[in-house]
Amino acid sequence: MNTLPVIAAVDGSDDSLRALDWALDAARRREAPLRVVHVREYGPLLRPETLAAVQPEPDTDQVLDLVRDRLKGLGEDAPVTEYLALDGAPAGLLPGLGSDAQLMVFGSRGRGGFASLLLGSNGTAAARDAECPVVVVPRPGREVHDSELVTPGPRVVVGLHVDSPNSEALAFAFAEAARREARLQVLAVFPWPVQSGDLVPSPVVDEDAIESETRTLTAGFVAPHAERHPGVGVDLYVLPGDAAGQLVAASREADLVVVGRHRRRLLAPARMMGSVTQAVLLHAASPVAVIPPETPETPEATEAPETAETAETAEG
């Protein structure tokens, strides 16, 4: 059992309370403590690196009082719950808490910002920068296109980019499917048709050959994880087209969609989510888990810098 907590970031909004419910369920499934965190932006105006953390008294934080009331009555069914109030900038402070957590959970929007935004800055910052997996729970009612991948029963969906596989994302997806007794759908999407520059003729490419090679690579990456989780039913899908669009469509009625985060690169040392992960976070109908690459996360001198084409086709 992993004793690190599951963190729920709350601000009293309906979105954050939905995230709280999701985090509570995740903590139960992991037999882990639940840590509820509220960042009070009305606190002292300190720089993110000098923010002060305090354990609040019961009557000093209305948001945490609201959470206490919501969790009251669960009794023995509730995991051990810690409450933490912090003063400062949420986007600067919350990602750092991931170094002492196994999972962080956010609502898609909070109280601040513009109501028309699909994804809040705090969830975005944590998904990009946190050292642990981050789950963003969307508002209900998002409409997505129909997909043949929407099947009855519990499902976990994971995106796999065979040119740059994120083994941590596959491991997380298998473990989550096992906890939920859900089928795991592995989506490996290859770009089609192949695009080239305006001045460069398009290469002659055999779509069947690309699909076959992608399927072989996918099966190879999945096999060791499947061996560790023999009870998880796995469906492999190798599809042409737009990776973000396929994952968003598959999110309808799914329990969770899992995507990876980019590794740091020599000429792009900052952490990045990737265009596919960003699009899935913005538009998926189900909760989305963003998984950091395996540690240590350091710039890799042997990797070529990301191009616009690879950014568009990456899993996250």
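Structural data are supplied above this passage.
These numbers were taken from a predicted model, which means no experiment stands behind them.

Undergrad: Just give me the short version of the overall build of the protein chain, but keep the residues and values in it.
TA: Within the protein chain one finds nine helices and eleven strands. Long-range pairs, those at least 24 residues apart, make up 82% of the contacts in the protein chain between residues at least 6 apart in sequence. Accessible surface, the protein chain as shown: approximately 15300 Å² in total, 53% of it carbon and sulfur.

Undergrad: So what about the packing of helix α5 (residues 167-180) against helix α6 (residues 207-228)? Which residues, and what values?
TA: For the pair α5 and α6, the least separation of the axes is 10 Å and the interaxial angle reads 40 degrees. In terms of orientation, α5 and α6 fall into the oblique class. Judged by the sense of rotation from one axis to the other, the crossing of α5 with α6 is right-handed. Facing S167, L170, A171 and F174 of α5, the residues of α6 in contact are F221, V222, H225 and A226.

Undergrad: Break down the pairing of strand β8 (residues 183-190) for me, with residues and values.
TA: Walk down a regular strand and you will see the side chains alternate between the two sheet faces. By the criterion of burial, β8 is predominantly enclosed, with seven of the eight residues buried. Two elements, strand β7 (residues 155-159) and β8, share five bridges in a ladder whose sense is parallel. Following the sheet pairing, V156 is matched in β8 by L184. Considered for its hand, the β-α-β crossover made up of β7, α5 and β8 is right-handed.

Each value, and the rule that gives it
- Residues numbered from 1 in each chain as written.
- Predicted model: local features only at pLDDT ≥ 70, side-chain atom pairs only at ≥ 80, totals over all residues.
- Heavy atoms only, no water.
- Helix = DSSP H or I, 4+ residues; strand = E, 2+ residues; numbered from the N terminus.
- Contact = heavy atoms within 4.5 Å.
- Areas by Shrake-Rupley, 256 points an atom, 1.4 Å probe, with all protein chains shown as cover.
- Axes fitted to C-alpha atoms, helices over the stretch in contact; angles between N-to-C directions.
- Parallel < 35°, antiparallel > 145°, perpendicular 65-115°, else oblique.
- Left-handed = near helix turned anticlockwise from the far one by under 90°.
- Buried < 20%, exposed > 50% of the residue type's maximum accessible area, 1.4 Å probe, protein only.
- Pairing = 2+ DSSP bridges.
- Right-handed = clockwise from strand over helix to strand, strands pointing away.

Just geometry here; none of it tells us what the structure is for.
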